[in-house]
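Examination of the molecular architecture
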Amino acid sequence: MGSANKSSTDRRARIEEMRRAEQARERRNRVLVIGASVVAVAGLVAGGVVLVRSQGDKGGDVATSDSSGKGRFVTGKDGVRTWEGKLSRNHVTKAVKYASEPPVGGDHNPVWMNCNGDVYTEPLKNTNAVHSLEHGAVWVTYNADAGKADVDALAAKVKKTPYTLMSPVDDQKDPIMLSAWGHQRTVTGAKDPNVDAFFEKFVQGAQTPEPGAACTNGLSK
């Protein structure tokens, strides 16, 4: 009888010891899980901070380096200035320092300006307008020295011509200028025959990096 009682006592002791060992393992596991969770959360927080900073850098006001600086304009017999040099086509969200005003290509915003005969009365962001040029648009620009009659007549022409857009550019060197991807010229006014010649050659012309790409569903200012 005594032997049976001792055996039972030993069994209970072993069970109790096993229970304590199991509880100890559970406590260790909980500590490990909590520790791993803390590390994971810290990693996510750190990653989030880096991501936010990265996105903030991409969307900041500091301009990227001139994407078309390694080149130059060469003027042809027809008066059209052609950019000789590579024009990069990366999508960026920062401002870009272009080699000319208005620019004729280079890195640009992922969103284009609507260019389906759109006439804008306020200056545009170059990075959006350059994307329109990539789609094969001709960009008519003017400054304060341009005559009102010429501006009005050119606006009427643009409104009738798909893949064109028009806006003021205060800092351009000549009163009225026409730009396409990689090409640009100055015209004397709306009646200058070079206006029609430029439109004919460069609206969805051979210079277009993305022929047939949309000139709608972009920005409308």
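Note that the structure is a prediction, hence the values are computed from the model and not measured. Along each chain, numbering runs from 1 in the same order as the chain's sequence is written. Under the rules for a predicted model, residues below a pLDDT of 70 receive no local features and side-chain atom pairs below 80 are neither given nor counted, while totals for whole chains, interfaces and linings still include all residues. The side-chain figures draw on all heavy atoms in the structure; neither hydrogens nor water molecules are used.

A look at the pairing of strand β5 (residues 164-168)
- Across the five residues of β5, five count as buried, placing the element largely inside the fold.
- Exposure is judged per residue with a 1.4 Å probe applied to protein chains only, and the accessible area is read against the type maximum: over 50% gives exposed, under 20% gives buried, and values in between give partly exposed. Helix and strand definitions follow DSSP, with helices as H or I runs of at least four residues and strands as E runs of at least two, each counted in order from the N terminus. Side chains T164, M166 and P168 of β5 all project onto a buried face; the interleaved residues L165 and S167 project onto the opposite face, where all are buried too.
- Note: strand β3 (residues 116-119) against β5, three bridges, orientation parallel. Opposite D118, over in β5, you have L165 as the bridge partner. DSSP bridges decide pairing: two strands pair if at least two such bridges lie between them.

Focus: the pattern of salt bridges
- Note on definitions: salt bridges are taken to be side-chain nitrogens of Lys or Arg within 4 Å of carboxyl oxygens of Asp or Glu. Under the criterion given, the structure shown has five salt bridges.
- Across the pair E134 and R89 runs a salt bridge, and its minimum N-O distance is 2.7 Å. Taken together, the positions of E134 in helix α2 (residues 126-134) and R89 in the loop between β2 (81-84) and β3 put the pair 45 residues apart, joining distant regions of the chain.
- For E210, the salt bridge goes to R89, with nearest N and O atoms at 3.1 Å. In this pair, E210 is assigned in the segment after α4 (193-202) and R89 in the loop between β2 and β3, connecting sequence segments 121 residues apart.
- Owing to a relative accessible area of 27%, E210 belongs among the partly exposed residues under this scheme.

Here we look at the environment of S179
- With respect to the secondary-structure elements, S179 resides in strand β6 (residues 176-180).
- Classification of S179 as buried rests on a relative accessible area of 0%.
- Considering only alpha carbons, one finds S179 and F202, 23 residues apart in sequence, at a separation of 8.8 Å.
- Beyond its immediate stretch of four places on either side in the chain, S179 contacts P102, P103, V104, L133, A137, V138, W139, Q184 and F198.
- Think of a polar contact as two N or O atoms within 3.5 Å of one another; within protein, one of them needs to be a possible hydrogen donor and the other a possible acceptor, and neighboring residues in sequence only count if both atoms come from side chains. Engagement of the side chain of S179 in a polar contact is seen with the side chain of Q184, the distance being 2.8 Å. Residue contacts are counted whenever heavy atoms from the two residues lie within 4.5 Å of one another.

A short note on the sheet that holds strand β4 (residues 138-142)
- A sheet is described by the order of its strands in space; here seven strands give the open sequence β1-β2-β7-β6-β4-β5-β3, paired in mixed fashion. The open sheet is flanked by β1 (72-75) and β3, the only strands paired with a single partner. Going from strand to strand, the sheet's axes swing by 20° on average, the running direction of each strand aside.
- Pairing of β1 with β2 involves four bridges; the strand directions are antiparallel. Paired with R72 across the strands is E84, a residue of β2. Between N-to-C directions, angles span 0 to 180 degrees; the directions come from axes that are lines fitted to C-alpha atoms, helices contributing only their stretch in contact.

A few points about the state of the cysteines
- We call a pair of cysteine sulfur atoms a disulfide whenever their separation is within 2.5 Å. Inspection of every chain in the model, using the stated rule, returns one disulfide.
- The partner cysteine of C115 in its disulfide is C215, sulfur to sulfur 1.6 Å. Handedness of the C115-C215 disulfide follows from its S-S torsion of about -90°: it is left-handed. Here C215 lies in the segment after α4 and C115 lies in the loop between β2 and β3, a separation of 100 residues in the sequence. Each member of the pair, C115 as well as C215, carries the same accessibility label: buried.

So, the side chain of H108
- For H108, the position within the fold is in the loop between β2 and β3.
- Within the local environment of H108, its side chain forms a polar contact with the backbone oxygen of G106, the two atoms lying 2.8 Å apart.
- Polar side-chain contacts of H108 include one of 2.8 Å to the side chain of E134.

Considerations on helix α3 (residues 148-159)
- Every helix has an expected span of 1.5 Å times one less than the residues it contains. Helix length check: α3 (12 residues) gives 16 Å between terminal C-alpha atoms against 16 Å at 1.5 Å per residue, within 8%.
- Within the span of α3, buried status applies to V151, L154, A155 and V158. Angularly, the buried residues of α3 cover 105° about the axis, an arc narrow enough to put them on a single face.
- Residues of α3 that are buried make contact with β3, β4, β5, β6 and α4. To obtain the arc, one takes the directions from the helix axis to the C-beta atoms.

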